Amino acid sequence: MWSFNKIAGIVDQWLNQTFNPTWALVFEMVIVGVCVIGLFAVLGLVLVIMERRVAAWIQIRLGPNRVGPKGMLQSLADTVKLLVKEGMTPAGADKFLFNLAPYIAMMVAMLLMAPIAFAKDFQIWNMNIGVLYVSAISSVSVIGILMAGWASNNKYSLMGAMRSGAQIVSYELSAGLSILAVVVLTGSLNLNEIVLSQADGWWIFKGHIPVIIAFIIFIIAVTAETNRAPFDLAEAESELTAGFHTEYSGMKFALFFLAEYINVFIVCAIGATLFLGGWMPFHIGHWESFNHIMDYVPSSIWFFGKTFFMIFLIMWFRWTFPRLRIDQLLNLEWKYLLPISMFNILLITAMAILGWHF
Amino acid sequence: MFITNYIKDVFGALKSLAVGLKRTGYYFTHHKEIITEQYPDNRDTLVMADRFKGEVVMPHNENNEHKCTGCTACELACPNATIKVITKFDITPEGKKKKAIDKLVYHLELCTMCNLCVVACPSDAIVMAQTFEHSVYDRSELTKVLNKPDSKIMEGIE
Ligand code: SF4
Ligand code: SF4
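What you see is a predicted model; the values in this text were computed from it and never measured. (Residues numbered from 1 in each chain as written. Chains lettered and ligands numbered in written order. Predicted model: local features only at pLDDT ≥ 70, side-chain atom pairs only at ≥ 80, totals over all residues. Heavy atoms only, no water.)

### Points about the pairing of strand E3 (residues 83–91) of chain B
All names here are of chain B.
- Inspection of the sheet shows E3 paired to strand E4 (residues 97–107) by nine bridges, in the antiparallel sense. In the strand pairing of E4, Asp-90 is matched with Lys-98.
- Turn length for the E3-E4 hairpin, with the two strands adjacent in sequence and antiparallel, is five residues, and the turn residue Gly-95 shows positive phi of about 90°. (Pairing = 2+ DSSP bridges. Helix = DSSP H or I, 4+ residues; strand = E, 2+ residues; numbered from the N terminus.)

Written out as structure tokens, the structure is:
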């Protein structure tokens, strides 16, 4: 059957036959880079239009319906508009850092793509510390935000950056602990092994209550970490300025905007991998025939289906819940999420040792 | 006790979030009832809400007569100095002088549609219209004279 894995194999074979191994590797890296950028572009377009549709339907509106069939080309038109807009740098801004910040945000997103398993045996880099890598790299994104806020020479931007900084740093703790829940159960930091360990059922079913708690905490924490409503304090608390990227315009703003959506995709992909089995089809224990039928659906469809399900959840939150104040936000993290996830990790450890999971 | 309150808090919060999600989830799955007005596609069938106020106008009857006595109550009532009543003196058939309006100037760009002038008018000479497509290229086009040229005050209005 047609699969990502086969195509990658054929390309790899052909390159190795035509060039010597070093050049083949270089070409493969270039191809991967181009593919990732292409994926970013497609994701940006798709997620923006999806968000606007979800928002419209939830608010009983129509949403974009002018450009293209059913408004599907709206985000493309937006991109063209952003491309032709003037990119301004405010007077007195630290030009180098100001211009660097959006690229850091994108770079982080790109690096995070590396360990994600998009389909069976289809991963950019199958590293054995995948989970650690993801949590380490994702904390770099806060540097891009602080850099943008600091370099803008605008006190609102700086305050916005500090708010998002505080938010991201604190929510990373609960996100990390809830990721750890699955790591404890699997006994591996390798994302591919984590997926393989779910061949007889996804962790959210196998680990029942504690993993469900971890999953809920994970979703809350990553929503906060990607600066999305109801935790979009980066967008300022009450005034209509956009926090740390107030001063950005045109394509540089678009990069931040894109990075936000890519980050949503990435955290959802990781959540899907850890809790919902990644590309693993829906398997139930040892029901061989049932499992076999499920295997007929391509693994990439499983992966993207779960990821988009989680993206939908996060969008659903955004258009339902009112925005939190900064004190409520930190309260939620330090008073509720963190203690609960600490208790939860104890429970999961006990569960892993005593074998209470399926 | 602290711990029970804490747990109650958490469950109460989760429950209230679920209630919200249920509502929006209902809207999401029942997206046929659209409340948006399809303006400008439905310009011909567009129905404005009764309470909508678009601009102040002065109705005239078929004989080009209005009810304004030039009392300037509307001018005094307006918080934005949107209305200027320019008065003149008419000579009645009996040879008496009588106050009347020369022009009732209305600056649409200053108006907040607060309706105070309409309430203040003792002779109900002005009302709120439901027009709304007011954009023009030149600001001066928004300055309007409410009484029509050569219009007169209606008989019997004092
Ligand atoms: S509606 Fe209010 S603002 Fe407008 S003219 Fe009347 S009193 Fe003035
Ligand atoms: S519109 Fe009414 S309030 Fe204003 S001058 Fe005329 S009669 Fe008086």
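### A short note on the site of ligand 1
- Cys78(B), Cys111(B), Cys114(B), Asn115(B) and Cys117(B) are the nearest of the 14 residues found near ligand 1.
- Here the shell around ligand 1 is built from residues that sort into ten nonpolar, four polar and no charged. (Near = heavy atom within 4 Å. Nonpolar A, V, L, I, M, F, W, Y, C, P; charged D, E, K, R; others polar.)

### Concerning the site of ligand 2
- Taken together, 13 residues lie around ligand 2, and Cys68(B), Cys71(B), Cys74(B), Cys121(B) and Ser123(B) are the ones closest in.
- Residue composition of the shell around ligand 2, grouped by class: nine nonpolar, four polar and no charged.

### Structural notes on the interface of chain A and chain B
- Across the boundary between the two partners, chain A contributes 19 residues, which contact 17 residues of chain B.
- The interface formed by chain A and chain B includes one salt bridge.
- Measuring nitrogen to oxygen at the nearest pair gives 3.1 Å for the salt bridge that ties Arg66(A) to Asp41(B).
- Within the residue set of the side of chain A that touches chain B, elements represented by two or more residues are helix H2 (21–58), helix H13 (299–318) and helix H14 (326–354) of chain A. (Contact = heavy atoms within 4.5 Å. Salt bridge = Lys/Arg side-chain N within 4 Å of Asp/Glu carboxyl O.)

### Section: the packing of H2(A) against helix H1 (residues 2–29) of chain B
- Closest axis-to-axis distance for the H2(A)/H1(B) pair is 7 Å, and the angle between their directions is 105°. Regarding the angle of H2(A) to H1(B), the classification is roughly perpendicular. For the pair H2(A) and H1(B), contact is made by Val54(A), Trp57(A) and Ile58(A) and by Thr24(B), Tyr27(B) and Phe28(B), respectively.
- Residues belonging to the contact of H2(A) with H1(B) are distributed by class as follows: five nonpolar, one polar and no charged. (Axes fitted to C-alpha atoms, helices over the stretch in contact; angles between N-to-C directions. Parallel < 35°, antiparallel > 145°, perpendicular 65-115°, else oblique.)

### Thoughts on a nonpolar patch on the surface
- On the surface, a cluster of nonpolar side chains totalling about 900 Å² of accessible area is made up of Ile212(A), Ile216(A), Met1(B), Phe2(B), Ile3(B), Ile7(B), Phe11(B), Leu14(B) and Leu17(B).
- Broken down by secondary-structure element, the contributors of at least two residues to the nonpolar patch are helix H10 (208–225) of chain A together with H1 of chain B.
- By residue number, the principal contributor to the nonpolar patch is H1(B), which donates six residues.
- Tracing the backbone shows Leu14(B) in helix H1. (Patch = residues over 30% accessible without salt bridge, like charges linked within 9 Å, V, L, I, M, F, W, Y side chains within 5 Å. Areas by Shrake-Rupley, 256 points an atom, 1.4 Å probe, with all protein chains shown as cover.)

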